[in-house]
Amino acid sequence: MTTEALAGLVFLPLLAACAVLALPSRSGRVPATAIVVLSLVGPLFLLLPITVALWTKGAFSLQLAGFDRPLGIVWRVDALALLLLWLHAVVGALAGVQALASYPTATDRGRRFWPLWLLLSAGMNALLLSADLFNLYVTLELVTLAAIGLIAIDGKPAALKAAMRYLLLAIMASLLYLLGVGLIYGQTGTLDLYQAGQTLDPGLLPFTALVLMMTGLLVKSAIFPLHIWLPGAHGNAPGPVSAILSALVVKVSIYIIWRLLFWMAPTWELMTAANLLGVLGAVAIFYGSILALSQKRLKMIIAYSTVAQLGYLMLVFPLASAVAFQGAVYHLLSHGLAKAAMFMAAANILLSLGTDNIKRLAGLDQRLPMDVFTLALAGVSIMGLPPSGGFLGKWLLLTAAWQQDGWAWMVVIVSGGLLSAAYIFRILAVTCFHPKTAGHNRGVKALPPAPASIAALALALMAIIAGFASAPILGLLEAGLPPEMP
């Protein structure tokens, strides 16, 4: 059952993408809608036996076609992979609700949109399962190219420009990563990440390969100062696309970096590199937050907030402890839920007003109370206020810094939370605490679909509930810590 469930995670959306393309347009697209709904809901059920297997037996592997490494491709499921698979399944399903409202399968726009969305989903699941360096490259390319197509799906000039910038930088990043993979294969004769880690000794050539791979991944994950593609891409993409980009697409590259440093090279002396990555994360927190404060559009505020929040995921490298790792993973999960909710709510507001200019949002709490409440609730987690999941993630990072006398990192974490509060309250000040004489509700075009608003609110609620339901997740992470993690 577990083997079939793992295969279903990858092949269900892949086959669904082919089926949506193959169905004739005159069929009324009802079968296409059923296929899309099945591909959105199916992973939630497929993950159940996988979760039970991991919970009872620990991490496990699957040899594709029965061929073992180094010749065969091996999928591996551990705590980190499972949690990100769940995040993808939940965000993908709820963002898909909004996507179905925006891109019905019976339209030409939907016919173009859904194959790309489903290809991205298949690539994401395959990436999170993969334990092969080259297979990680292939799946990351599938995710990136599908994401670029989704950004440009509506053909708007700003979105096309952002997609082209993303494409050019992604090609450069892919070449750097692939060059590093070639160097490691030349040294070890294997592409299996864990097997390479057992045979690869520190040295100039392996270190060069690691630097090349990580540089490419830092570009794809939009870590400062390699973030220049992210604000335009996230700020101009359709709402559900922005949600999946911020929640998952940029994070899977960081996920691979974690695999490389904590699983492939856990015993290497990389303190200088770890501190450098931490500094990049700290600068990203300040830079992204300050830029978010100065934006005029709601979606651009949220986009620059993503630049800032990604910085916290880099603090795990200089702190390098079990508590820091748990905090970083929990921040990744909570941020994914909250930021997806914010982008979806912003898309609903943009649909309703025809603009997301911050000056036009006065009185929005009276016209779109559910979407404004979603922004506020998700903002609680982004700020790191209790009892949200964002609070728990930042608290664990603070605890790790305290245990190591890392006062500078503590200042960064606390200051980042205050800056997050500044741009979140800037949004709420306009939407909620507006003068009674403000000309609110002017220019409203239409109310957003109720399922889209409910789906966004559900994600924001999950980000809050994550603060209460932490014990099973932290227990799972504690049992699946990287090797050599103190």
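Anyway, here's the lowdown on the structure attached to this text. Remember, predicted model here, so these are calculated numbers, not experimental data.

Conventions and cut-offs
Residues numbered from 1 in each chain as written. Predicted model: local features only at pLDDT ≥ 70, side-chain atom pairs only at ≥ 80, totals over all residues. Heavy atoms only, no water. Helix = DSSP H or I, 4+ residues; strand = E, 2+ residues; numbered from the N terminus. Buried < 20%, exposed > 50% of the residue type's maximum accessible area, 1.4 Å probe, protein only. Axes fitted to C-alpha atoms, helices over the stretch in contact; angles between N-to-C directions. Parallel < 35°, antiparallel > 145°, perpendicular 65-115°, else oblique. Left-handed = near helix turned anticlockwise from the far one by under 90°. Contact = heavy atoms within 4.5 Å. Nonpolar A, V, L, I, M, F, W, Y, C, P; charged D, E, K, R; others polar. Expected span 1.5 Å × (residues − 1). Bend = angle between axes of the 7 residues up to and from the residue. Phe/Tyr/Trp six-rings, centres within 6.5 Å; stacked < 30°, edge-to-face > 60°. Lys NZ or Arg CZ within 6 Å of the ring centre and 35° of its normal.

### With respect to the environment of Ile 290
Relative to the helices and strands, Ile 290 resides in helix H11 (residues 271–293). Taking relative accessible area as the criterion, Ile 290 reaches 48% and is therefore assigned partly exposed. Considered as a pair, Ile 290 and Ser 420 are 130 residues apart in the sequence and their alpha carbons are 9.1 Å apart.

### Observations concerning the packing of helix H14 (residues 322–353) against helix H20 (residues 470–479)
Viewed as axis vectors pointing N to C, H14 and H20 meet at an angle of 130 degrees, and their least axial separation amounts to 10 Å. Considering their axes alone, H14 and H20 lie oblique with respect to each other. Handedness of the crossing formed by H14 with H20: right-handed. Contact with H14, carried on its side by Phe 325, Gln 326, Val 329, Tyr 330 and Leu 333, involves Ser 470, Ile 473, Leu 474, Leu 477 and Glu 478 of H20 and no other residues of that element. Across the contact of H14 with H20, the residue classes tally to seven nonpolar, two polar and one charged.

### As for helix H10 (residues 239–264)
In this model, H10 (26 residues) spans 36 Å end to end at C-alpha, consistent with the 38 Å of a helix rising 1.5 Å per residue. For H10, the principal kink sits at Leu 245 and spans about 45 degrees. Of all 26 residues making up H10, 26 are buried, and the element is well covered by its neighbours.

### Considering the environment of Leu 38
Assignment of secondary structure puts Leu 38 in helix H2 (residues 30–57). Overall, the relative accessible area of 52% leaves Leu 38 in the exposed class. Each C-alpha atom of the pair Leu 38 and Pro 13 lies 8.9 Å from the other, and the pair is 25 residues apart in sequence. If we skip the residues at most four places from it in the chain, Leu 38 touches Leu 12 and Pro 43.

### Digging into the packing of aromatic side chains
Summed over the entire model, instances satisfying the criterion amount to 14 aromatic pairs. Ring centres 5.1 Å apart and planes at 85 degrees place the aromatic pair Phe 113 and Trp 114 in the edge-to-face group. We classify Phe 113 as buried; its relative accessible area is 0%. Grouping aromatic residues by their ring pairs yields a cluster made of Trp 258, Phe 262, Trp 263, Phe 317 and Phe 325. The residue whose ring lies beneath Arg 76 is Tyr 194, and the NZ or CZ to ring-centre distance is 4.7 Å. Against the face of Tyr 312 rests Lys 394, its NZ or CZ located 4.8 Å from the ring centre.

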